[in-house]
Amino acid sequence: MEEVVAQIQALKKTQDAVILAHYYQQGEIQALADITGDSLHLAREATKVKNQVIVFCGVHFMAETAKILNPSRTVILPDLKAGCSLADSCPAPRLRRYQEMLRENGRDFQTVTYINSTAATKALCDWVVTSGNARDIIHRIPADKEILFVPDRHLGQYLREETGRPLILWDGACMVHEIFSVGELLALKKKIPGSITVAHPECPANILAHSEFIGGTEAIIRHVASFVDPTDFLVATEPHMIWQLEHRHPRHRYHPVPGITCACNDCPHMALNTLEKVRDCMANLSPEITWQPYFDQASEVLRRSLLN
Ligand code: SF4
């Protein structure tokens, strides 16, 4: 492993590359990244990058977003097959047909997509949101408009309650967040009295109902930081997040909330990226995200929603 890390460090210089890594990547990848963050943070950082090459350690829609927001850079990712079950649950052709059906039925609506969607899907939407800015953006939509929210039904349900807006929900979900077990969570709470449960709003309502704090990954980090005394946190999001929490706030203890069918909820898409693949994509400058015709429209929506 040390040899591969040394090769990656050397390639950073020879290829003028910067490494961005999502919090759900394996710890060894986060450890050698120049910038770590959630989707929003990485998207914003990607606009400021001066290096010619952006190595995006995350999944495909995130690398697309980096390319769209910084088109003059070469954006590569370790494994082109690193997709996302949530993004895949709302393919653009199906969304287009559904929007047409709503319009034919006289519905007057705007479409809001969670950032976990493909660029082709974003291009069909009015707004792109993250768990951090969703409430603000939904409040900006005139009250006489309906809102179609895609693709995550759990986040959509949570936002319905938070904003009081009757969102039309798309029936998508993240395979990782969907399988947390409420029974296991309650058992863990009993086993560790005084523990605080922090959950991502992509989790189903029964998990959120038993959580003391609900927020995206950046919000979870800020929340944990606010506890001065060592505390036990039960973490209901992708468990590699715990590497970042231990790295930043080592005084606390972190326990992953188990899934229904397995002991862990590792994202299988993020897991496709390995150190060897990071090295190889940097050496070959491939696989690369290339500009697609629908990126222009997706760019307009992304900039309006996340940068302005
Ligand atoms: S954790 Fe879920 S939403 Fe995130 S990349 Fe994996 S499948 Fe997609």
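Predicted model only: the values in this text are computed from it and were never measured.

A. A look at the overall build of the chain. When you go through the chain residue by residue, the secondary structure sums to 15 helices and 12 strands. Referenced to the eigenvectors of the C-alpha coordinate spread, the extents of the chain come out at roughly 60 × 55 × 35 Å. By residue count, 46% of the 308 residues in the chain fall in the buried class. For the chain, restricting intrachain contacts to residue pairs at least 6 apart in sequence, the fraction spanning at least 24 positions comes to 65%.

B. Region of interest: the domain arrangement of the chain. Segmentation of the chain into domains returns domain 1 (2-82 + 270-291), domain 2 (87-169) and domain 3 (177-256). At the junction of the two partners, domain 1 supplies 5 residues and domain 2 supplies 8 residues. Within the residue set of the side of domain 1 that touches domain 2, elements represented by two or more residues are helix H3 (39-46) and helix H4 (60-69). Looking at which element gives the most residues to the side of domain 1 that touches domain 2, the answer is H4, with 3 residues. Its residues assigned to classes, the side of domain 1 that touches domain 2 comprises 3 nonpolar, 1 polar and 1 charged.

C. Examining the nonpolar core more closely. Residues Leu20, Ile54, Val55, Phe56, Ala66 and Ala236 are the most contacted members of the largest nonpolar core, which totals 91 residues. At 6 residues, H4 tops the list of elements feeding residues into this core. Aside from chain neighbours lying at most four places away, what touches Phe56 is Leu20, Met62, Ala63, Ala66, Val75 and Leu77.

D. The arrangement of the sheet that holds strand E4 (residues 74-76) in detail. Sheet architecture is open: 4 strands sit in the order E2-E1-E3-E4, paired in parallel fashion. Every interior strand has two partners, whereas the edge strands, strand E2 (35-37) and E4, have only one. Ignoring strand direction, the axes of neighbouring strands in this sheet form an average angle of 20°. Across 3 bridges, strand E1 (residues 17-22) lies against E2 in parallel orientation. From the neighbouring strand, Leu20 faces E2, where its bridge partner is Ile35. The sheet strands contacting H4 are E1, strand E3 (53-57) and E4, and the helix crosses E3 at an angle near 155°.

E. Fine view of the site of the ligand. The local shell around the ligand holds 13 residues, among which Cys84, Leu86, Cys174, Val176 and Cys267 are the closest. In the shell around the ligand, the residues fall into 9 nonpolar, 3 polar and 1 charged.

F. Broad picture of the sheet that holds strand E11 (residues 232-236). Spatially, the 4 strands line up as an open sheet ordered E10-E9-E11-E12, and their pairing is parallel. The sheet is open, and its two edges are formed by strand E10 (213-214) and strand E12 (253-256), each paired on a single side. Relative to E10, strand E9 (residues 196-199) runs parallel, the two sharing 2 bridges. Paired with Val198 across the bridge in E10 is Phe213.

G. Seen up close, unusual backbone geometry. That bond from Val150 to Pro151 is cis: its omega, -10°, falls within 30 degrees of zero. Here the phi dihedral of Asp16 falls at roughly 50°; this positive angle occurs in a residue that is not glycine. With respect to the helices and strands, the residue Asp16 is situated in the loop between helix H1 (2-14) and E1. Using a count of 13 C-beta atoms within 10 Å as the deciding quantity, one classes Asp16 as partly exposed. Positioned with a positive phi, Leu285 is a non-glycine residue whose angle comes to about 50°.

Reading the values: rules and limits
Residues numbered from 1 in each chain as written. Predicted model: local features only at pLDDT ≥ 70, side-chain atom pairs only at ≥ 80, totals over all residues. Helix = DSSP H or I, 4+ residues; strand = E, 2+ residues; numbered from the N terminus. Buried ≥ 20, exposed ≤ 12 C-beta atoms within 10 Å, placed from the backbone. Contact = placed C-beta atoms within 7 Å. Domains from an automatic or database assignment. Nonpolar A, V, L, I, M, F, W, Y, C, P; charged D, E, K, R; others polar. Core = buried A, V, L, I, M, F, W, Y, C linked by C-beta atoms within 7 Å. Pairing = 2+ DSSP bridges. Axes fitted to C-alpha atoms, helices over the stretch in contact; angles between N-to-C directions. Near = placed C-beta within 6 Å.

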